[in-house]
Amino acid sequence: IWGATGIAYNITHVPRIPMHWADLFNDLTDPVGEKLSIALMDDGRFTMGVALIALGFSPNTEKPAEIEAAGKFLMSLRERVDLVQTDRLVKRLEDESIHLALATSGDVTRAMRRNKHLRLALPPEGTLVFKDAFVMPLTPVERRAVAAGGALNWGERHRNALRFLNYLLEPE
């Protein structure tokens, strides 16, 4: 399971496709001159990463000056950003109270099922891609068996984990 961050936008409010990260951060208006409502994710890695990309830096930078510049840039947006909350983003996109948002491809896809005016743009400057990972920790008994050079016994717990993963991978 993987996804990417992009710019979610509503085609009835946003006058043109937001092709670049700057389009998310600029003070835009809709076709009738109303201020567009903007949202950012409350996940620091995604929001800071996109700010770094928008400023021309690597999202993986370790340079304090670049990180500080991105932080100041995000702070400068306070007056223009209406929501910084990931878990309410989908609902706000669906009900059109948010017009532009930093969002994940999965969230936008879910919102598009209820609102056909929503789209997702992936800016050419780059984006952040993520992959969900699943792990199944060993029980203390399993850990001792492995440490002693023994093999794992694939019991019911493991079979259920595989069933769950197969369920997640079904194309529904």
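Here we summarise the structure given alongside this text. Please read all numbers here as calculations on a predicted model, not as lab measurements. (Residues numbered from 1 in each chain as written. Predicted model: local features only at pLDDT ≥ 70, side-chain atom pairs only at ≥ 80, totals over all residues. Heavy atoms only, no water.)

**So, the overall build of the protein chain**
Working step 1: The number of helices and strands found in the protein chain is seven helices and six strands.
Working step 2: Counted from the first residue to the last, the protein chain has its helices and strands arranged as β-α-β-α-α-β-α-β-α-β-β-α-α.
Working step 3: For 172 residues, the compact-globule estimate of 2.2 N^0.38 gives 16 Å, and the C-alpha radius of gyration of the protein chain, at 21 Å, exceeds that figure by more than 25%.
Working step 4: With respect to the three principal axes, the spread of C-alpha positions in the protein chain is 70 × 40 × 25 Å.
Working step 5: Per-residue burial over the protein chain gives 35% buried out of 172 residues.
Working step 6: For the protein chain, the share of sequence-separated contacts (at least 6 apart) that also reach a separation of at least 24 residues comes to 64%.
Working step 7: Total accessible area on the protein chain stands at roughly 10600 Å², and carbon and sulfur atoms take up 58% of it.
Working step 8: If the 21 positive side-chain charges of the protein chain are averaged to one point and the 22 negative ones to another, these points end up 6 Å apart. (Helix = DSSP H or I, 4+ residues; strand = E, 2+ residues; numbered from the N terminus. Rg over C-alpha atoms; globule rule 2.2 N^0.38 Å. Buried < 20%, exposed > 50% of the residue type's maximum accessible area, 1.4 Å probe, protein only. Contact = heavy atoms within 4.5 Å. Areas by Shrake-Rupley, 256 points an atom, 1.4 Å probe, with all protein chains shown as cover. Lys, Arg positive; Asp, Glu negative; His and termini not counted. Charge placed at Lys NZ, Arg CZ, Asp CG, Glu CD.)

**Digging into the environment of Val108**
Working step 1: Position of Val108 relative to the elements: it lies in helix α5 (residues 105–114).
Working step 2: Accessibility expressed as a relative area gives 1% for Val108, which makes it buried.
Working step 3: Val108 sits 93 residues away from Pro15 along the chain, and the two C-alpha atoms are 19 Å apart.
Working step 4: Those residues in contact with Val108 that sit more than four places away from it in its chain are Ala8, Ala103, Arg119 and Leu120.

**Quick notes on helix α2 (residues 44–54)**
Residues spaced three or four apart along an α-helix face the same direction, because each turn holds 3.6 residues.
Working step 1: Among all positions of α2, only Phe46, Thr47, Gly49, Val50, Ala51, Leu52 and Ile53 are buried.
Working step 2: The N-capping residue of α2, defined by a side-chain oxygen 3.0 Å from the backbone nitrogen of Arg45, is Asp43.
Working step 3: Downstream of α2 by a residue or two, Gly56 has a phi angle that is positive, lying close to 90 degrees. (Polar contact = N/O pair within 3.5 Å; in protein donor to acceptor, adjacent residues only side chain to side chain.)

**Some points on α5**
Working step 1: Along α5, the residues classified as buried are Ser105, Asp107, Val108 and Ala111. Each buried residue of α5 sits inside an arc of 155 degrees when the element is viewed along its axis, so together they form one side.
Working step 2: Packed against the buried residues of α5 are β1 (2–10), α4 (89–94), β4 (100–104) and β5 (118–121). (Arc of directions from axis to C-beta.)

**Describing the pattern of salt bridges**
Working step 1: With the rule as written, the count across this model stands at nine salt bridges.
Working step 2: For the salt bridge of Asp82 with Lys35, the shortest nitrogen-to-oxygen distance reads 3.5 Å. In this pair, Asp82 is assigned in strand β3 (residues 81–84) and Lys35 in the loop between α1 (21–25) and β2 (38–40), connecting sequence segments 47 residues apart.
Working step 3: Look at Asp82 and you get partly exposed, because its relative accessible area is 39%.
Working step 4: By sharing partners, the salt bridges in this structure join Glu156, Arg159 and Arg163 into a single network. (Salt bridge = Lys/Arg side-chain N within 4 Å of Asp/Glu carboxyl O.)

**So, the side chain of Glu142**
Working step 1: Topologically, Glu142 is positioned in helix α6 (residues 140–147).
Working step 2: The residues contacting Glu142, other than those within four sequence positions of it, are Pro137, Leu152, Arg157 and His158.

**Let's talk about the environment of Glu94**
Working step 1: One can find Glu94 in helix α4.
Working step 2: Of the residues examined, Glu94 reaches a relative accessible area of 16% and is grouped as buried.
Working step 3: Taking the C-alpha atoms as reference, Glu94 lies 26 Å from Gly126; in sequence the two are 32 residues apart.
Working step 4: Filtering out sequence-adjacent residues up to four positions away, Glu94 remains in contact with Arg110, Ala111, Arg114, Asn115 and Leu118.

**Things to note about the nonpolar core**
Working step 1: With 35 residues, the main nonpolar core has Trp21, Leu24, Leu93 and Leu100 as its most contacted residues.
Working step 2: By residue number, the principal contributor to this core is α2, which donates five residues.
Working step 3: Excluding residues that lie within four positions of it along the chain, Leu93 makes contacts with Ala8, Ile98, Ala101, Ala111, Asn115 and Leu118. (Core = buried A, V, L, I, M, F, W, Y, C linked by side-chain atoms within 4.5 Å.)

**A closer look at the packing of α2 against helix α3 (residues 64–76)**
Working step 1: Where α2 meets α3, the closest approach of the two axes is 9 Å, and the angle between their N-to-C directions is 105 degrees. With respect to α3, the element α2 is oriented roughly perpendicular. For the pair formed by α2 and α3, the contact residues are Thr47, Met48, Ala51 and Leu52 on the first element and Glu66, Ile67, Ala70, Gly71, Phe73 and Leu74 on the second.
Working step 2: Here the residues of the contact of α2 with α3 sort into seven nonpolar, two polar and one charged. (Axes fitted to C-alpha atoms, helices over the stretch in contact; angles between N-to-C directions. Parallel < 35°, antiparallel > 145°, perpendicular 65-115°, else oblique. Nonpolar A, V, L, I, M, F, W, Y, C, P; charged D, E, K, R; others polar.)

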